[in-house]
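Observations on chain architecture
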Amino acid sequence: MLDWLKNINKPYPDFYKKYVASFEKKSNRFVALSIETTGLTIEKDVILSIGSIAVIHDTIIVGDTFEVNIPQYKFLHDNGIKNDFIIESSLPKLAEPIAIEKLLEFINNSTLVGHRINFDIEILNEALSKMECGRIKNEALDIEVMYRKLNDINDKSFTLEELSTLFKIPKAERITASDDAYTIALLFLKLKSRLGLTDDLI
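Residues numbered from 1 in each chain as written. Predicted model: local features only at pLDDT ≥ 70, side-chain atom pairs only at ≥ 80, totals over all residues. Heavy atoms only, no water.

**Thoughts on the packing of aromatic side chains**
The condition is simple: For Phe, Tyr and Trp, rings pair up if their centres lie within 6.5 Å, where Trp contributes its six-membered ring, and each pair is then called stacked (planes under 30 degrees apart), edge-to-face (over 60) or tilted (otherwise). Under the scheme used here, helices are H or I runs from DSSP no shorter than 4 residues and strands are E runs no shorter than 2 residues, and both carry numbers assigned from the N terminus. Buried means the residue's accessible area, taken with a 1.4 Å probe over protein chains only, is under 20% of the maximum for its type, while exposed means over 50%, and partly exposed covers the values in between. A ring is scored as having a charge over it whenever the NZ atom of a lysine or the CZ atom of an arginine sits within 6 Å of its centre and within 35 degrees of its normal.
Under the defined criterion, the tally for this structure stands at 7 aromatic pairs. Taken together, a centroid distance of 5.9 Å and an interplanar angle of 75° make the contact between Tyr 147 and Phe 167 edge-to-face. Taken together, the positions of Tyr 147 in helix H7 (residues 143-151) and Phe 167 in the loop between helix H8 (160-166) and helix H9 (177-194) put the pair 20 residues apart, joining distant regions of the chain. The exposure class assigned to Tyr 147 is buried, which follows from its relative accessible area of 10%. Ring pairing ties together the aromatic residues Tyr 12, Tyr 16, Tyr 19 and Phe 23, which thus form one cluster. In this structure, Arg 29 packs its charged tip against the face of Phe 106, placed 4.6 Å from the ring centre.

**Re H9**
Heads up, the condition is: Here the expected length of a helix is defined as 1.5 Å per residue gap, with one fewer gap than residues.
Here H9 contains 18 residues, and its C-alpha end-to-end distance of 26 Å stays within 8% of the 26 Å for a straight helix at 1.5 Å per residue. Among all positions in H9, only Ala 177, Ser 178, Ala 181, Thr 183, Ile 184, Ala 185, Leu 187, Phe 188, Leu 189, Leu 191 and Lys 192 are buried. Of the residues flanking the end of H9, it is Gly 196, one or two places downstream, whose phi is positive at about 70°.

**Describing the sheet that holds strand E1 (residues 29-37)**
Using the following cut-off: DSSP bridges decide pairing: two strands pair if at least two such bridges lie between them. Helix axes are fitted to C-alpha atoms over the stretch in contact, other axes to C-alpha atoms as well, and angles between N-to-C directions run from 0 to 180 degrees.
Spatial ordering of the open sheet is given by E3-E2-E1-E4-E5, a layout of 5 strands whose pairing is mixed. With one partner strand each, in any of the chains shown, strand E3 (59-69) and strand E5 (140-142) form the two edges of the open sheet. Within the sheet, the average angular offset between the axes of one strand and its neighbour, ignoring direction, is 25°. Of the strand pairs in this sheet, E1 and strand E4 (residues 111-114) are connected by 3 bridges, and their pairing is parallel.

**Structural notes on the side chain of Ser 110**
Our working rule: Here a polar contact is taken to be a pair of N or O atoms separated by no more than 3.5 Å, where protein atoms must pair a possible hydrogen donor with a possible acceptor and residues adjacent in sequence count only if both atoms sit in side chains. Throughout, a residue-residue contact means that at least one pair of heavy atoms, one from each residue, lies within 4.5 Å.
Structurally, Ser 110 is set in the loop between helix H5 (96-107) and E4. By relative accessible area, which is 1% here, Ser 110 ends up buried. Engagement of the side chain of Ser 110 in a polar contact is seen with the side chain of Arg 29, the distance being 2.8 Å. Discounting residues that sit within four places of it in the chain, Ser 110 has contacts with Ser 27, Arg 29, Phe 30, Val 31, Asn 138 and Glu 139.

**Things to note about the packing of H7 against H9**
Selection criterion: Oblique is the label for any angle not covered by the other classes, which are roughly parallel (under 35 degrees), roughly antiparallel (over 145) and roughly perpendicular (65 to 115). In this scheme, a crossing is called left-handed if the near helix is turned counterclockwise away from the far one by less than a right angle; it is called right-handed if the turn is clockwise. Each residue is assigned to one of three groups, with Ala, Val, Leu, Ile, Met, Phe, Trp, Tyr, Cys and Pro labelled nonpolar, Asp, Glu, Lys and Arg labelled charged, and all others, Gly among them, labelled polar.
At a minimum axis distance of 10 Å, the contact between H7 and H9 shows a crossing angle of 30°. Classified by the angle between their axes, H7 and H9 sit roughly parallel to one another. The hand of the H7/H9 crossing is left-handed. Two secondary-structure elements touch here, H7 through Ile 143, Met 146, Tyr 147 and Leu 150 and H9 through Ile 184, Leu 187, Phe 188, Leu 191, Lys 192 and Arg 194. Of the residues belonging to the contact of H7 with H9, the class tally is 8 nonpolar, no polar and 2 charged.

**Some points on the layout of surface pockets**
What counts, and what does not: Using protein atoms alone on a 1 Å grid, points that fit a 1.4 Å probe yet trap it form a cavity, whereas open point sets bounded by protein on both sides within 12 Å along at least five of seven lines form a pocket; residues with an atom within 4 Å of a point count as lining. Grid points are joined across faces, edges and corners, and a volume is the space filled by probe spheres set on the points.
Of the volumes computed, that of the largest pocket is approximately 410 Å³. Forming the walls of the largest pocket are 15 residues, and the residues nearest its centre are Ser 34, Ile 35, His 115, Asp 120 and Asp 180. For the lining of the largest pocket, the secondary structure elements donating two or more residues are E1, helix H6 (117-130) and H9. It is E1 that provides the largest number of residues to the lining of the largest pocket, a total of 4 residues. For the lining of the largest pocket, the residue count by class is 8 nonpolar, 3 polar and 4 charged. In this structure, the second largest pocket encloses a volume near 210 Å³. Lining of the second largest pocket is provided by 13 residues; of these, Ser 164, Lys 171, Ile 175, Asp 180 and Thr 183 occupy positions nearest its centre. Broken down by secondary-structure element, the contributors of at least two residues to the lining of the second largest pocket are H8 and H9. For the lining of the second largest pocket, the element with the most residues is H9, which contributes 5 residues. Split by residue class, the lining of the second largest pocket holds 7 nonpolar, 2 polar and 4 charged.

Shown next as structure tokens:
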């Protein structure tokens with residue numbers, strides 16, 4: 001039995017069941033994803049903001065985006081951390097469970113693209129586990145891995161800023177999760193082209 005069909009019969013929330021059911025069909029849509037967190041410890045740190053933008057047929061769809069701030073007041077207070085930008089930003093602000101639900105509705109069965117995307121997926125999985133949901137089901141591509149493959153590099157890491165410089169992508173004045181998602185989308189298209197990848201080969 002297909003994994004998506006097995007999961008759909010579990011007592012998960014309806015939004016997660018709908019998300020899982022979407023994988024019955026394959027999508028030609030990619031979603032560049034960037035998540036800002038309070039740190040790099042999956043079990044301890046939390047999500048502050050999410051930025052994402054769709055890519056279809058080698059085109060960035062500027063009207064197909066999802067961005068949200070998650071004011072983690074309790075975490076910030078308990079850890080003595082200030083994040084005035086998140087709190088004062090004009091971007092939509094949602095409680096974490098609602099933000100995660102909206103994100104899953106947005107990404108649906110798309111292929112996710114990110115920089116060190118495994119971390120983003122795992123911190124989403126941590127948030128989903130608190131909501132008594134299963135894990136992220138999407139296939140994922142990592143632009144850092146794509147760059148290493150292109151240049152046959154195995155022993156060096158590249159930050160998003162370094163990759164942007166290598167491909168001469170201008171920096172935004174203020175780097176937000178949405179800015180990073182757009183940069184990831186640009187890098188993805190450049191790397192996809194140089195690697196000679198087509199949608200049906202990914």
